[in-house]
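Coordinates in review
Below are the chains, spelled out letter by letter.
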Amino acid sequence: MQLRTILAATLAVAFSTTAYAQEFNDPAEFKKQRELLSTKAEGPEGKPWEQHLGGGMVDTAKFKKDGPHTICFSNAGVFNPWRVVGLNNMKGEAELQKARIKELIVLDGEGKDDKQISDIQSLLDGGKCDVLIVSPTTTAALTPAVEAACEKLPVIVFDRGVNTKCPVTYIHPVGGYGFGITSAEFIASKLPKGSNVLALRIVPGVDVLETRYSAAKSIFDEAGINVIGSEFTGSDRAKTKSVVEDYINRGEKIDAVWMDAGDTATAALEAFEDAGLPYPVISGEDQQDFLRKWQKDNLVAIAPSYPTYQWRTPIIAALDILDGKQVPGPEWNLPQPAITQETLASYIDERMPPLHYSLCGCQDLPGYPEQWGGK
Amino acid sequence: MTVLLNAVRPTRRRTAWLSVNLALVIFVVLYGVIAILQPNYLDAALFMNFLRRAAPLIILACGQLFVILSGGFDLSMGAVVTLVVLAASMLIGGDPDMTWTVIAILYAMGLAVGLANGLIVSFLKVPSIIATLGTMLLVNGLALAWSGGAPRGDLPDNFRNLGRLVLKDVPLVGSLPIAVVILVVVTLLAWWGLHATAYGKRLLAVGDNPRAAELAGVPVKPTRISAFVVSALSAVTAGILIGGFSGVSVNAGRGLELQAIAACVIGGAQLLGGRGTIVGALFGALSLFALFTLLNLLGLPQALRDSLQGLILIAAVGVTVLRYRRST
Amino acid sequence: MSVNATPVAMTRRGFRDVPVPVVVIALAALIYVTAAIVTGQANQISAAGLTGLLQRTVALGLVGLGQTFAILVGSIDLSVAALISTVAVLASYLMQGDPSMIVPAIAACVALSLGVGAINGVLVAYWGINPLIATLSTGLILQGLLSASFTFLSGSVAPSFQALAYQNLLGVPLPVLLLAVFALAAWFVLAKTRFGAHLYAAGGNPDGAKLAGLRVQRLVLGAHVIASFAACVAGLYLAARLQSGTPWIGRDGIYDLESIAIVVIGGTLLSGGKGGVLGTIAGVLLFASLDASFNMFGVDAFLKQVLRGAIVIAAVSVYAVRNRGHVA
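Residues numbered from 1 in each chain as written. Chains lettered and ligands numbered in written order. Predicted model: local features only at pLDDT ≥ 70, side-chain atom pairs only at ≥ 80, totals over all residues. Heavy atoms only, no water.

**Observations concerning the state of the cysteines**
All names here are of chain A. All chains considered together, the criterion is met by three disulfides over all chains. Across the disulfide from cysteine 72 sits cysteine 129; the S-S distance is 2.1 Å. On the S-S bond that ties cysteine 72 to cysteine 129, the torsion sits near -90°, and the link is left-handed. Here cysteine 129 lies in the loop between helix 4 (113-126) and strand 4 (131-135) and cysteine 72 lies in strand 2 (residues 69-75), a separation of 57 residues in the sequence. Judged by its relative accessible area of 0%, cysteine 72 falls in the buried class. (Disulfide = S-S within 2.5 Å. Helix = DSSP H or I, 4+ residues; strand = E, 2+ residues; numbered from the N terminus. Buried < 20%, exposed > 50% of the residue type's maximum accessible area, 1.4 Å probe, protein only.)

Here is the structure:
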């Protein structure tokens, strides 16, 4: 029997094209995130990074400690502009609270699980940390390392989660399904049944991106909108533009473009410009270049977000925990707003670089806008 | 030196001809399949657009060929492209009056990288694959550190036009992208430099057998350094076209160095030097790009495209090897 | 240059006689200790800190050992990254947390890797396809098939298998012992067996080896099988350490280029025939102490890349500059 399993698996590796995608199509999670999108946030008005959507509070009295504190952060890496903006937000928040923070130690995992595990280990060995923040490269891989850390000090996880309940809290916005729901429902509401949408995605197999597509696909299917293609662009503008040109050259009408991340949205739109075609309905993300183009060319568009202000929250949570204050947990759901035609103007800031994420919540942080590359 | 070259010449000319043939055949077959799937790819306008998109890879392949012929590799090309795109946007900052000055600065940067590669290989004796791997990390890191990890600034239209603008109603060809004009000029220059000058012969001699070339009086080190400079300058040109075609991005250029090497090999170039032609590199790059386009049109899952690309690479090089063996 | 280099060589004989691995290990130790002292983290020189450092060497060290064989025989293996991903995914998929499946899963992974090694070997040795292109292609094919079959993490390794990556024996982590055992075995094969001697001969002078009656093609094949097997062990180790494999783990770890870099830094000639296991271990130690030192200094992620590039070049040039002939 074992032999057969092995044979089957080896064959699966060799020939299977039917991906094991059902993992990213979890109806219960889809439903939960849809509800969270319309849940009213609790917490200080106008500061979404301190708010939370429902959920309980956890007691942290046992972690109470005198300051100032050393906060340690094991980062998955800074391999895309989203993470660059996020890390700036975190450093900004630490600067804002510098009276209470002795040092913020950041180790960069360079996107390698193995390195991040060693990084966490060396933070623990170094013995300087009062609290550990982890943004995992992948969920399963970092679980043992986080479990080991939990035994020594309070741990906060954000962005991606881990497969253990030991961290004090896990901070994240609504999630990938929520992103897909917001964007796809907008496109579906603007187009008649039978319209064509082209889905542009970054890379396959990344949980936080796959869930976005899975949610969008099920909404398109429900609304009777054809997904004429789902293409991976690797966040490369040249590739995005080429892919869209190829689809345009096929002669099929593209009524809308759906994107699982917006950093190449303007490149996709340029393909339509160069072909002399009208712009499609499009869902991008909260980057400045897309928002500016949207305003300038009167696009029919929406910018859902996976807000980078979530990088401020772990510092706030860390200090609260070391003060022994209650924090939302064991899951801390942050609001996940979308930019619409009505709110568009308020998110455009001409000083900021093209790929700056507008929902950074960083406008009130020290060093804005220069630290974020603005003028 | 003349003795050396004469001794090598007959077989080289013959095999070069064979390999050009093969890359050309592969390209025609692939483009033919594309045209069957999408007949409008036979329109002059769409073919010109295909060339516009393929131009950066062709230019990179031509530059890479110089290094390959000299017996080395240049893995830093992709990083130079990234640097060019990011630096252009930061230095120009959206001001059209700055474009030409900045382009000159970009070429100066390319010159510096090429010289650094060449000097490290020639004088520090670091194998080029490691030396250019090092400069790849270095240049890429510098570009990202300088830009803070995300693009800043903006590219004005007169810069973008180099890679984006298509002239309409041109006599004879109909539409003509500026990028294609640049492509033709660069390819002709590269062809002239490699196949019509004494320099080209020296380069081949160096790649074939540096010791023998040295004894025959070829200045081995300057020749080798110049190859890296040509390669870096071609990467700058490709970077300008890529930035123009699609705008600023931190991912511009990633992986292009391996594609350029693959294009040269498909075009019949022999790694570690001594054999290869510009026409081969040109059609090698066109074949590779036609393959990418075809895989896009077929709508296969992304993953299988990688596999297919691998298979075709093996097949193309494998056939070249067999033909070469037979011919000698 | 080779003629008038003799007097210089005389005066520098003392330096020349220091073996490359010793130079590299000294450099690694110097960097690590300086970093620990300068940043006031003397506790990183403790047993815990040093085991942490050694732990960082395991995955890359294992791949590097295999790569040493491929490079020694004059070939190279770029498919290791994709193979590592495949093995890690396959192991966790087959085990599904069930301890009774540990042995069959390992067996399947080993069989797969031997197959891949054999294919690489046949392509390179018998078909004569350039090893860079051949192994780049097999890597692409493998990666494509892998991502087509598994788009997400399917299953995890058995808990008792995972424990292997986290257990200590006499205060030393098991994986570090594993690397030590494999390094010893590799050293034994290369230095003490006839197969090892033949590998050196075939890599140093393939034509001479053929004339001497060695079956060079078989040796190349054997080296590739060993390289793939080493990648398989690294993949299994990563699966254990990470609980489950992801289809991009090898690519993100840049195990292909980094393994080549450590082998060359350790003094093994890219053209084959000279070098050895000790150098590779020295190379991986250098990389690990760089990693750890950058952490201690809190070097910015992009600057880190710049420094790494510069150090790779510097480390190789330290001894490469002693070479007399030309390198490519």
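Back to the text.
**As for the nonpolar core**
One finds Leu132(A), Leu106(B), Ile130(B) and Leu286(B) to be the most contacted residues of the largest nonpolar core, which totals 257 residues. If you tally residues by element for this core, the top one is helix 2 (residues 44-69) of chain B, at 17 residues. The residues contacting Leu286(B), other than those within four sequence positions of it, are Phe27(B), Phe50(B), Leu51(B), Ala54(B) and Ile58(B). In this structure, Ile228(A), Tyr247(A), Met259(A) and Ile282(A) belong to the second largest nonpolar core, which totals 29 residues. (Core = buried A, V, L, I, M, F, W, Y, C linked by side-chain atoms within 4.5 Å. Contact = heavy atoms within 4.5 Å.)

**Brief notes about the pattern of salt bridges**
Proximity of charged atoms lets side chains of opposite charge pair with each other. On inspection of all chains with the given rule, the structure shows 42 salt bridges over all chains. Lys128(A) is the partner of Glu103(A) in a salt bridge, and the nearest nitrogen-oxygen pair spans 3.8 Å. With Glu103(A) in strand 3 (residues 101-108) and Lys128(A) in the loop between helix 4 and strand 4, this pair connects stretches of sequence that are 25 residues apart. For Glu103(A), a relative accessible area of 34% gives the class partly exposed. When its relative accessible area of 36% is taken as the criterion, Lys128(A) is described as partly exposed. Arg53(B) serves as the salt-bridge partner of Glu245(A), at 3.0 Å between the closest nitrogen and oxygen. Pair noted here: Glu245(A) is in helix 8 (residues 237-249) and Arg53(B) is in helix 2, and the two residues belong to different chains. In terms of burial, Glu245(A) and Arg53(B) fall into one category: buried. (Salt bridge = Lys/Arg side-chain N within 4 Å of Asp/Glu carboxyl O.)

**Considerations on the sheet that holds strand 4 of chain A**
Residues and elements named next belong to chain A. Judged by pairing direction, the sheet is parallel, and its six strands sit side by side in the order 3-2-4-5-6-13 without closing on themselves. The open sheet has two free edges, formed respectively by strand 3 and strand 13 (331-334), since each of these has just one partner strand. Taking the axes of each pair of neighbouring strands and ignoring which way they run, one obtains an average angle of 20° across the sheet. As judged from the three bridges shared by strand 4 and strand 5 (residues 155-158), these two strands associate in the parallel manner. The partner of leucine 132 across the bridge, within strand 5, is valine 155. (Pairing = 2+ DSSP bridges. Axes fitted to C-alpha atoms, helices over the stretch in contact; angles between N-to-C directions.)

**Considering the packing of helix 2 of chain B against helix 12 (residues 278-298) of chain B**
All names here are of chain B. One can describe the packing of helix 2 onto helix 12 by two numbers: an axis separation of 8 Å at closest approach and a directional angle of 135°. If you check the angle between helix 2 and helix 12, you find them oblique. When the axes of helix 2 and helix 12 are compared, the crossing they make is right-handed. Here Phe50, Leu51, Arg53, Ala54, Leu57, Ile58, Ala61, Cys62, Leu65 and Phe66 of helix 2 lie close against helix 12, whose contacting residues are Ile278, Ala281, Leu282, Ala285, Leu286, Leu288, Phe289, Ala290 and Thr293. (Parallel < 35°, antiparallel > 145°, perpendicular 65-115°, else oblique. Left-handed = near helix turned anticlockwise from the far one by under 90°.)

**Things to note about the packing of aromatic side chains**
Per the counting criterion, the structure on display carries 20 aromatic pairs over all chains. Measuring from centroid to centroid gives 5.8 Å for Trp82(A) and Trp311(A), while their planes differ by 70°, and the two rings are edge-to-face. Here Trp82(A), found in helix 3 (residues 81-96), pairs with Trp311(A), found in the loop between strand 11 (301-302) and helix 11 (313-322); they are 229 residues apart in sequence, far enough to count as distant. Since its relative accessible area comes to 9%, Trp82(A) is described here as buried. Assessed through its relative accessible area of 0%, Trp311(A) is described here as buried. Pairing Tyr31(B) with Phe50(B) gives two aromatic rings, centres 5.1 Å apart and planes at 70°, and the pair type is edge-to-face. (Phe/Tyr/Trp six-rings, centres within 6.5 Å; stacked < 30°, edge-to-face > 60°.)

**Remarks on unusual backbone geometry**
Residue and element names in this part refer to chain A. With omega at -10°, the peptide bond leading from glycine 67 into proline 68 counts as cis. Tracing the sequence through the fold places proline 68 in the loop between strand 1 (57-58) and strand 2. Of note, the bond from tyrosine 368 into proline 369 is cis; its omega dihedral lies within 30 degrees of zero at 5°. One can find proline 369 in the segment after helix 12 (344-347). Backbone geometry places aspartate 159, a non-glycine residue, at a positive phi of 65°. Positionally, aspartate 159 belongs in the loop between strand 5 and strand 6 (169-173). A positive phi angle is found at asparagine 298, which is not glycine, with a value near 50°.

**Some details on helix 5 (residues 139-150) of chain A**
Compared with the 16 Å implied by 1.5 Å per residue over 12 residues, the 16 Å span of helix 5 of chain A between its first and last C-alpha is a close match. What helix 5 of chain A keeps buried is the set Thr139(A), Ala140(A), Ala141(A), Leu142(A), Thr143(A), Pro144(A), Ala145(A), Val146(A) and Ala149(A). If you follow the buried residues of helix 5 of chain A, they end up packed against helix 4, strand 4, strand 5 and helix 7 (207-223) of chain A together with helix 9 (159-166) and helix 13 (216-242) of chain C. (Expected span 1.5 Å × (residues − 1).)

**Looking at the interface of chain B and chain C**
Facing the 52 residues of chain B at the interface are 44 residues of chain C. Note on chain B versus chain C: buried area summed over both sides is about 3,900 Å², and carbon and sulfur give 77% of it. Across the contact surface, chain B and chain C share zero salt bridges. Summed over the shared surface of chain B and chain C, the number is four residue pairs in polar contact (both at pLDDT 80 or more). Across the side of chain B that touches chain C, the residue classes tally to 32 nonpolar, 13 polar and seven charged. (Buried area = accessible area lost by both parts, 1.4 Å probe. Polar contact = N/O pair within 3.5 Å; in protein donor to acceptor, adjacent residues only side chain to side chain. Nonpolar A, V, L, I, M, F, W, Y, C, P; charged D, E, K, R; others polar.)

**Brief notes about the sheet that holds strand 8 (residues 226-232) of chain A**
All names here are of chain A. Strand order in the open sheet made by the five strands is 8-7-9-10-11, with parallel pairing throughout. Bordering the open sheet on either side are strand 8 and strand 11, each of which pairs with just one other strand. Relative to strand 8, helix 8 is tilted by about 150°, and along the sheet it contacts strand 7 (196-201) and strand 8.

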